[in-house]
Amino acid sequence: MRNLMKNSFRFILLTIGIFCFIAATAQKKWASVSGRVVDDAENSLSHVSVVILGQQKGITTNDSGYFKLRVQADRAFALTFSYTGYKTVQQNFILNEGEDETVTIRLETGATTLGEVVVNDARSRTEAGLIKPNPKSIINMPSPVMGVESMIKVFVGSNNELTSQYNVRGGNYDENLIYVNDFEIFRPYLVRSGQQEGLSFINPEMVHNINFYNGGFQARYGDKMSSVLDIQYNKPKTFGGSAYVSLLEQGFHVEGVGAKNKLSYVIGVRNRSNRNLLSSQETQGSYTPSSSDLQALITYQLSAKWQTELLSNVSATRFTLIPEYSQLTSSVFSPYFTANLGLDIYFDGQEKDAYSTAMMGVSSTYQPIKNLKLKWMASRFEDDEKENIDISGQYLFGERDFDRTKSTFGMIVNPLGAGLYQNFARNSLRITDYNFSHKGSYTIGKQVLQWGVGYDKTIIHDKLNEWEYQDSAGYSLPYNTGSLQLSSFIKSASDLSINKLNGYVQNNSAFTSGAHTFTLQTGVRFNYNDLNKEFLVSPRVGASWKPGWKQDIIFRAAAGSYDQPPFYREMRRYDGTLNTAVKAQRSWQGVAGFDYNFSGWNRPLRLTGEAYYKYMTNVVPYDIDNVRIRYFGENNAKAYAAGLEMRLFGEIVKDAESWLSIGMMRTKENITGDFYKVYTLDSLNRPVDSTTKQGGWFRRPTDRLLTVGMFFQDYLSTNKNFKVYLNTLYGSNLPYNIPGSIKYRNALTIPAYIRVDIGFSALLLDAEKENRRSHNPFRNFNNIWATLEVFNLIDRPNTVSYLLIKDFANNTYALPNRLTPRLLNFKIVARW
């Protein structure tokens, strides 16, 4: 009977599916377009491509130049006619059911505008964890922070649109490596919130190629545990440039060649202000954020075998806040207590922060023979940061009235707590890093031997002087009848000089066996620093197999040791002291997956999937508050991360790539010595007995079960000059730490992050330069696009952190700090 019911259910589903298909087919109405394609002299043109705009496949004219195409009726569409040596022609139609439209298409002689040539790198399919986004999509992606990192967030998820930081497979941002033209890139460390962040180092208009590894990367990359973002800048062949202006950011870049094509240059300048974004924050006041940078890449071909390169960057970020007031609201629902809680804070004081970075790198490449390449590099990075905070606040906490019929609407009518607090900070950090390195490669048939060695000297000058005073209902916290105590106090100064040595050897090979193709990457790297006298050896291996099947599928895997020596923040304890004996965090990681090219809906599609597992020891636990990472400063935990990721790439419409990414992950940690007491209470709630328990495995701050990201492009069916871009992110809840609690570590949860950004673009000036007059000021422009963007389309109040408030009865409440609401942005982009 059970099997009969199961088969009956399947039959019902199949029947419903068949009827739905028949109904959908029956509802379609058809018409046809036929005609002839001729040249200027009325000669028939054969083999002319006739394609419905937005579709991948079409037909060609016969030997007499005729064609006939079946199309859907009562729906606007466009046909494009293209032929080598002739200008492409587009014709728009809308036909009634059964109508047969006959046309004659004349193609004019002229140069055909070729689309961008995309060279597919086979590595993106054979290397585990490698994703190669198209850099041309960066400026089109609607996001409050424009850059490569916003594109990366579609693949790995996000919980804060104001920052360029991202977390990969359970790691934090400090576990990510970033390279630009083989130079490692650093960023400011004292930033507490996304509001204070400036521009990312990477200038998207200068980017030529993006390699993003979200795990399983090879030995030639450095000593971090989560990911690698490897950027290569443009090396132009002709003169060109771009400029863009928006309400949030402005940029300009120029590139070209000189000295008989021996010299090439790319120079970019940017300026950004988040004033429009921050003006809608819950904390009202005067925001003055600004960030600007100047960047250049200059390449000179000394001879046929020698090439030298200079990469430089200067960046300055300033953030000033004079807060006035803040109104936070949260609803509480429980069997015992239901209320709309509100917190009104009135501020006095200001915050002034300054972050400046400067970087210069020089490289020289020598290629004495075709299969041998040697490269020497030297760079200097400097980071100078200052924080000045002196803000006091008086607050009233209680139930807020939301009855619009009352005069008390929006006010706190039932006070539960009151008090004041003061935050003070005078912090400074100066980091200077010198790097000298050599790397090389030697090719023997289908094998590539790679090696490298590097020396780093890092100098750190650090001064912290910050304290916080809290007063609740007239009593300072913590309460002490004999003295006035601060709730937190940090005062320290440190001067460090760290010498580091690292290197690697790696061999990549490819071979075939019958119809099967294999690749194998084996390597090992080492790292030593004289601060903690630790020597690390990290073996890594990767492989791929393409079976001789009809299906275009590749299986790939990688495994190895990924260790992360402490840099700066990992050594800093909560109390401000520095633990220079901290050892490297260590991990063993494995990843396995597939890459499958197939055809669906008459379009080429690509599906990838990977499963991964990380086991970590010597872990330094940490908490995340907004974008600030605060470490325990001790190697006192072990952890794991395991997950599964699936991604679908394809062109829903022709020449407009979209992608969908889905990830599931779980990461937990077990901290040594996290014991707490469990008390047995009597009828009067007095403790009469206690037992000691260990905390065990807790969720890590980056533990997010489900992540979904989607980037979608489309255009009008009759005109490619009007486009739409949709950027969607979803991330399930994140844990948030309750300070000072062992039993309830990371017990609070930040609700799911849901965000939809959309952009509408229109082409104001196309590439038909020959139609412009000689005195036209835009005669040398390739194109000009105008874009209207709507950030946070659904106006969701996403939470980034919590503010913990106590009432008169010493109960603690968590009030959410929200991110940005819906906002409009207008942008114009010009290229020449």
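Residues numbered from 1 in each chain as written. Predicted model: local features only at pLDDT ≥ 70, side-chain atom pairs only at ≥ 80, totals over all residues. Heavy atoms only, no water.

K.L.:
I would appreciate a short explanation of the nonpolar core in the present structure.
P.N.:
General note: in soluble globular proteins, nonpolar side chains tend to be found buried as a group. Counting residues in hydrophobic clusters, the biggest one holds 55 residues, and the most contacted among them are V148, Y166, I202, L229, I231 and Y233. If you tally residues by element for this core, the top one is helix α3 (residues 148-156), at 6 residues. Of all hydrophobic cores here, the second largest spans 20 residues; its members include L45, V50, F77 and Y86. (Core = buried A, V, L, I, M, F, W, Y, C linked by side-chain atoms within 4.5 Å. Buried < 20%, exposed > 50% of the residue type's maximum accessible area, 1.4 Å probe, protein only. Helix = DSSP H or I, 4+ residues; strand = E, 2+ residues; numbered from the N terminus.)

K.L.:
I'm lost on a nonpolar patch on the surface in this one. Help?
P.N.:
Residues L247, F760, L788, L824, F826 and I828 make up a contiguous nonpolar surface patch of about 540 Å² in total accessible area. Element by element, the count of residues in the nonpolar patch is highest for strand β44 (residues 823-831), at 3 residues. In this structure, L247 sits in the loop between β13 (240-246) and β14 (249-258). Taking the relative accessible area as the measure of exposure, L247 reaches 48% and is therefore partly exposed. (Patch = residues over 30% accessible without salt bridge, like charges linked within 9 Å, V, L, I, M, F, W, Y side chains within 5 Å. Areas by Shrake-Rupley, 256 points an atom, 1.4 Å probe, with all protein chains shown as cover. Salt bridge = Lys/Arg side-chain N within 4 Å of Asp/Glu carboxyl O.)

K.L.:
Would you explain the sheet that holds strand β4 (residues 66-72) in this entry?
P.N.:
In sheet architecture, strand pairing relies on hydrogen bonds along the backbone and comes in two forms, parallel and antiparallel. Reading across the sheet, the 3 strands line up as β4-β1-β7 and stay open at both edges, with mixed pairing between neighbours. What marks the edges here is a single partner per strand, and that holds for β4 and β7 (100-106). Here the average twist between neighbouring strands, direction ignored, is 25°. In this structure, strand β1 (residues 30-38) lies alongside β7, joined through 7 bridges in parallel fashion. Note that in β7 the partner of G35 across the bridge is V103. (Pairing = 2+ DSSP bridges. Axes fitted to C-alpha atoms, helices over the stretch in contact; angles between N-to-C directions.)

K.L.:
Honestly, the packing of aromatic side chains in this entry has me stumped. Any pointers?
P.N.:
Any pair of aromatic rings gets described here by the distance separating the centres and the angle formed by the planes. Throughout the structure, instances matching the rule amount to 34 aromatic pairs. Centre to centre, the rings of Y287 and F319 are 6.5 Å apart; their planes meet at 55°, and the pair counts as tilted. Of this pair, Y287 sits in strand β16 (residues 283-301) while F319 is found in strand β17 (residues 306-333), placing the two residues 32 residues apart along the sequence. Across the pair, exposure class does not vary: Y287 and F319 are buried alike. Through a chain of ring-to-ring contacts, three or more aromatic side chains come together here, namely F155, F649, W659, F711 and Y725. Here the guanidinium or amino end of R70 rests over the ring plane of W30, the centre of that ring lying 3.8 Å away. Over the aromatic face of F649 sits the side chain of R606, whose NZ or CZ is 5.2 Å from the ring centroid. (Phe/Tyr/Trp six-rings, centres within 6.5 Å; stacked < 30°, edge-to-face > 60°. Lys NZ or Arg CZ within 6 Å of the ring centre and 35° of its normal.)

K.L.:
Would you take a moment to explain empty space enclosed by the protein for this structure?
P.N.:
Any empty space left between the atoms is revealed when a probe the size of a water molecule rolls over them. The full count for this structure, using the stated rule, is 10 cavities of 30 Å³ or more. Within this model, the second largest cavity holds a volume of roughly 270 Å³. Among the secondary structure elements, those contributing two or more residues to the lining of the second largest cavity are β21 (447-472) and β30 (628-631). Per element, the largest residue contribution to the lining of the second largest cavity is 4 residues, and it comes from β30. By residue class, the composition of the lining of the second largest cavity is 8 nonpolar, 2 polar and 8 charged. (1 Å grid on protein atoms, 1.4 Å probe; cavity = no way out; pocket = protein on both sides within 12 Å on 5 of 7 lines; lining within 4 Å. Points joined across faces, edges and corners; volume = space filled by probe spheres on them. Nonpolar A, V, L, I, M, F, W, Y, C, P; charged D, E, K, R; others polar.)

K.L.:
Where do I start with the sheet that holds strand β2 (residues 49-52) in this structure?
P.N.:
Spatial strand order, β3-β2-β5-β6: 4 strands in an open sheet with antiparallel pairing. Looking at strand neighbours, the two that pair on one side only are β3 (58-60) and β6 (89-93), the edges of this open sheet. Each adjacent strand pair in this sheet contributes to an overall mean axis angle of 20°, direction not counted. With 3 bridges connecting them, β2 and β3 associate as antiparallel partners. Bridge pairing in β3 links S49 to T60.

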